[in-house]
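Listed below are the residues making up each chain.
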Amino acid sequence: MEVLIYLVPLALSLGLLGLGAFMWSLKTGQYDDLDGAAWRAILDDDQIPPAAGQKKAPTSSPAP
Amino acid sequence: MTETPDLTHFVEKLDDGRARLNLAVEGMTCAACMFEIEGGLGALPNVTHARANLTSGRVAIEWQADDVDPAAVVGRLAALGYKAYPYDARRMESDEQQEARFLLRCLGVAAFAAMNVMLLSVSVWSGNASDITPEQRDFFHWLSALIALPAVAYAGQPFFRSAIRALLSGRLNMDVPITLGVVLALTLSVFETLHHAEHAYFDSAVMLLTFLLAGRWLDQNMRRRTRAVAANLAALKAETATKFVTESEISEVPVAAIRPGDLVLVRPGERIAVDGEVEDGRSEIDQSLVTGETAHVSAERGTLVYAGTLNVNGTLRVRVGAADRGTLLDEVTRLLDRAVEARSHYVRLAERAARLYAPVVHLTAILTMIGWVLLGASWHFAVVTAIAVLIITCPCALGLAIPAVQVVASGALFRGGVLLSSGDAIERLASVDTIVFDKTGTLTLPEPELVDAGRIAPETLALAARLALASRHPLAAAIARAAGATAPLDGACEEPGQGVSALVDGEELRLGRPSWCGLEAEAGRVAASDPEASVIAFRHGTTTAVFAVRQRLREDATAVLAGLRARGFAVEILSGDRDAAVSHVARQLGVSEVRSGATPADKIARIEALRAGGRKVLMVGDGINDAPALAAADVSLSPVTAAHLTQSASDAVFLGDRLQPVATALAVTRRARRVMTENLWLAVVYNAVAVPVAIAGYATPLVAALAMSGSSVLVILNALRAKQGTGDAPWKS
């Protein structure tokens, strides 16, 4: 049962990683516009309008 | 006469020197619109950020300060084909957004903890059945404690705070037994772990929180969505006023930026956006939105005018007043304050259930403990069993029973065109047995319309309508609308107080007062046959016509009222308008219980008399004079065209030109309440089965986990039934 010594921390850190990812996605406002996000995903890259293109990077000021 | 609107009031300065403007956009309904708007705005120079939110129908634009004129942004959107209105984001919503994010963070933490603790618990359960050593079990229990304790301390905050608030104010709500259950479960588990026991309830505590947080977040999300739509509608009709910046210079500014003492210009056909006193000018005022009275009153220097009234035919300069408000508005405000204060403290279904539930559960736990001690069991066993009773009865299903139905029902109402502003309105709507309607703007449409259009030759109507386009008079607008005219006549000029005229092929056309067109006799005949209507005359050489214009009943009013009566609702009309107009409408609708000429105080008195007689009253109204009655009724609805004050006094707003949403609201909420009651009974049945098991001492953590998730899923599935039958035929059930 010595395997627990590294399996348990591994399981916990994987879980924490998921929690961290969730918190990050929440902070960057990814749940603010669920309807819009569904469509942004299928937008062809070569049609990205200038403003939408700029917005790839997370900003500190999510849409209202 | 078109000046650019001044939007600087709505521009928000950001810390890094940039500026932001939030706009509610009308007509942004699809993904293509969203990309078009972002692309179009992003192409403007110096705009650093343009992000559309399809869910809330809003756009946020940021730019380097002072480099962009906000009016240019709105102009750009107009060029793209979208109407945009500034939206004051600072005022509302930031709190709500914060709360939503906090709930979601709590849910994330609770879900993480639930998954990991469950992983450890399943190992312990299977180990208990096979060959786990006590040391390994202790290790797993301590590990669970390490995850569960901080997670519950963080994710449980919404419940702990609400429970403490309730206890401090001497009430009991569902969060009190939830908090008690969770805290006791954790304390017991730590104690048992210290004593190397077989069972710990860390998993029950975090799982309970996860389920409840999910329900709470969904509930909040639905309400936020509804409120965003309502706030957009408010922004879309946010009024602007034309303010004198200097003696001779005018600028269009939002009403929020107008201060007492300012001088504003009100042109014919405009709604007056402020309360004040007429400084200069002479006109007629349509006060129907304020008093319900459809006849116009005259205004001249010194007359007090109210926000929400319509300036009919003359240009006025109004000095904005705040301190010296008109007697009518004073009266309404005073009555409204009193009605809101006296609004019976409605006890929600959930709260009533909690009041019954909490003492019963806590008593059962204590009796269990005493019983086991009397039967000769050890104190340790007795206490553990008593706490197990508390854990298994911890109202997971009960906590979800009502919010889950509320989410489903408010979604159904949203699709039916009804926007709820308070959560318990669903329960109050469901218990209604008497419906009181206001007439003007509620049973009738707020805009006047041409009656008997078929009586007039189409080419005459078309010509009159083109001439009418030159005027801003509301009656002229009704004629233009009736014929769908889009091409105004050249060289039309308006004769103040008389009408509009134009020359076509050397012949004069006139549209306006019957006396001005020389058609008094005919106008008298038309007016006699339809006493509520306003008449307007048209002369083109020898061709003449007299149009009767009045507020028309909502298209489906007769059918909806008949349907409501057939369902056993008592229906009344309570109007501030004069008797002739009200009784005519009442006859058409077949309503026998009618009161006309009612002041705001009369309206409250009638509502209170009905309530004193044991009736549950729904008031439907739109006028400012209805606001106190709306607040005094058990529950209230207003159309989206209602005045701001009125909308904020009512529990829900309905959209569109039809009255059907009123019927839909009643049908959906009745069904929702039935499902809520069923859910509460499901929770009772669950307890009836689970509690004896717990009392007998068989409520192991595994049993608790199965029972809790089983009952929660059952309750949520049942809640989905609240959606059924709300489509096109809401009266079928």
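Source: prediction; values computed, not measured.

**What to know about the sheet that holds strand S21 (residues 534-540) of chain B**
Residue and element names in this part refer to chain B. Strand order in the open sheet made by the six strands is S17-S22-S21-S20-S19-S18, with antiparallel pairing throughout. Each having just a single partner strand, strand S17 (444-451) and strand S18 (493-495) make up the two edges of the open sheet. The average undirected angle you get between the axes of adjacent strands in this sheet is 20 degrees. The pairing of strand S20 (residues 507-512) with S21 spans four bridges and is classified as antiparallel. Residue pairing in the sheet places Leu-509 in a bridge with His-540 of S21. On top of the sheet, helix H16 (residues 474-483) reaches S17, S20, S21 and strand S22 (543-553); it is set at about 70 degrees to S17, its chief contact. Against the sheet, helix H18 (residues 520-529) makes contact with S21 and S22, and its axis sits at roughly 25 degrees relative to S22, the strand it touches most.

**Regarding the confidence of the model for chain A**
All names here are of chain A. Taken residue by residue, chain A gives an average pLDDT of 72. The fraction at 70 or more is 66%. The spread of mean pLDDT over the elements of chain A runs between helix H3 (residues 50-54), the lowest at 45, and helix H1 (residues 4-27), the highest at 89. Counting interchain partners and residues more than four positions distant, the pLDDT-below-50 stretch residues 50-64 has 29 contacts.

**Observations concerning the layout of surface pockets**
Residue and element names in this part refer to chain B. Considered as a void within the structure, the second largest pocket measures approximately 1,000 Å³ in volume. For the second largest pocket, the lining is made up of 31 residues, of which Ser-162, Asp-175, Arg-216, Asp-219 and Arg-348 are closest to its centre. Taken together, the elements giving at least two residues each to the lining of the second largest pocket come down to helix H3 (94-129), helix H5 (157-168), helix H6 (175-194), helix H7 (202-236), helix H10 (349-374) and helix H12 (396-415). Ranked by the residues each element gives to the lining of the second largest pocket, the list is headed by H7, at seven residues. Counted by class, the lining of the second largest pocket contains ten nonpolar, seven polar and 14 charged residues.

**Digging into the interface of chain A and chain B**
Contact with chain A, which involves 33 residues of that partner, is made by 36 residues of chain B. Across the interface of chain A and chain B, roughly 3,000 Å² is buried in total on both sides, 65% from carbon and sulfur atoms. Taken together, the links from chain A to chain B amount to one salt bridge. A salt bridge links Glu-38 of chain B to Arg-40 of chain A; its shortest N-O distance comes to 2.8 Å. Linking chain A with chain B are two residue pairs in polar contact (both at pLDDT 80 or more), by the criterion used here. When residues of the side of chain A that touches chain B are traced back to their parent elements, those giving at least two are H1, helix H2 (34-40) and H3 of chain A. For the side of chain A that touches chain B, the element with the most residues is H1 of chain A, which contributes eleven residues.

**Some remarks on the packing of H10 of chain B against helix H24 (residues 660-695) of chain B**
Any two packed helices are characterised by the angle at which their axes cross and by the distance between the axes. Residues and elements named next belong to chain B. Two numbers describe how H10 lies on H24: the axes approach to 12 Å, and their chain directions differ by 5 degrees. By the angle between their axes, H10 is roughly parallel relative to H24. Contact residues: H10 offers Leu-349, Ala-353, Tyr-357, Thr-364, Thr-368 and Trp-372, while H24 offers Met-676, Leu-680, Asn-687, Val-691 and Ile-695. Grouping the amino acids of the contact of H10 with H24 by side-chain chemistry returns eight nonpolar, three polar and no charged.

**A look at the pairing of strand S6 (residues 240-244) of chain B**
Residue and element names in this part refer to chain B. Judged from the five bridges that link them, S6 and strand S7 (residues 250-254) form a sheet pairing that is antiparallel. Note on S7: the bridge partner recorded for Ala-241 is Val-253. Here S6 hands over to S7 after five residues, the two strands then running antiparallel side by side.

**Some details on the UniProt feature "transmembrane region" (unreviewed entry) in chain A**
The residues that UniProt annotates with the feature "transmembrane region" (unreviewed entry) are residues 6-26 of chain A. The span residues 6-26 of chain A shows a helical share of 100% and a strand share of 0%, and its end C-alpha atoms are spaced 30 Å apart.

**Remarks on helix H19 (residues 557-566) of chain B**
All names here are of chain B. Inspection of H19 places Ala-557, Val-560, Leu-561 and Leu-564 among the buried residues, and these make up the whole buried set. Down the axis of H19, the buried side of the element spans an arc of 95 degrees, and every buried residue falls inside it. Opposite the packed face of H19, turned more than 90 degrees from it, sit the exposed residues Ala-559 and Ala-566. Buried-residue contacts for H19 involve strand S16 (434-437), helix H14 (439-443), strand S23 (570-574), helix H20 (579-589) and H24. Count one or two residues on from H19 and you reach Gly-568, which has phi positive near 95 degrees.

Definitions and limits used
Residues numbered from 1 in each chain as written. Chains lettered and ligands numbered in written order. Predicted model: local features only at pLDDT ≥ 70, side-chain atom pairs only at ≥ 80, totals over all residues. Heavy atoms only, no water. Pairing = 2+ DSSP bridges. Helix = DSSP H or I, 4+ residues; strand = E, 2+ residues; numbered from the N terminus. Axes fitted to C-alpha atoms, helices over the stretch in contact; angles between N-to-C directions. Contact = heavy atoms within 4.5 Å. pLDDT = per-residue confidence, 0-100. 1 Å grid on protein atoms, 1.4 Å probe; cavity = no way out; pocket = protein on both sides within 12 Å on 5 of 7 lines; lining within 4 Å. Points joined across faces, edges and corners; volume = space filled by probe spheres on them. Nonpolar A, V, L, I, M, F, W, Y, C, P; charged D, E, K, R; others polar. Buried area = accessible area lost by both parts, 1.4 Å probe. Salt bridge = Lys/Arg side-chain N within 4 Å of Asp/Glu carboxyl O. Polar contact = N/O pair within 3.5 Å; in protein donor to acceptor, adjacent residues only side chain to side chain. Parallel < 35°, antiparallel > 145°, perpendicular 65-115°, else oblique. UniProt positions renumbered as here; feature names shortened; annotations may be inferred. Buried < 20%, exposed > 50% of the residue type's maximum accessible area, 1.4 Å probe, protein only. Arc of directions from axis to C-beta.

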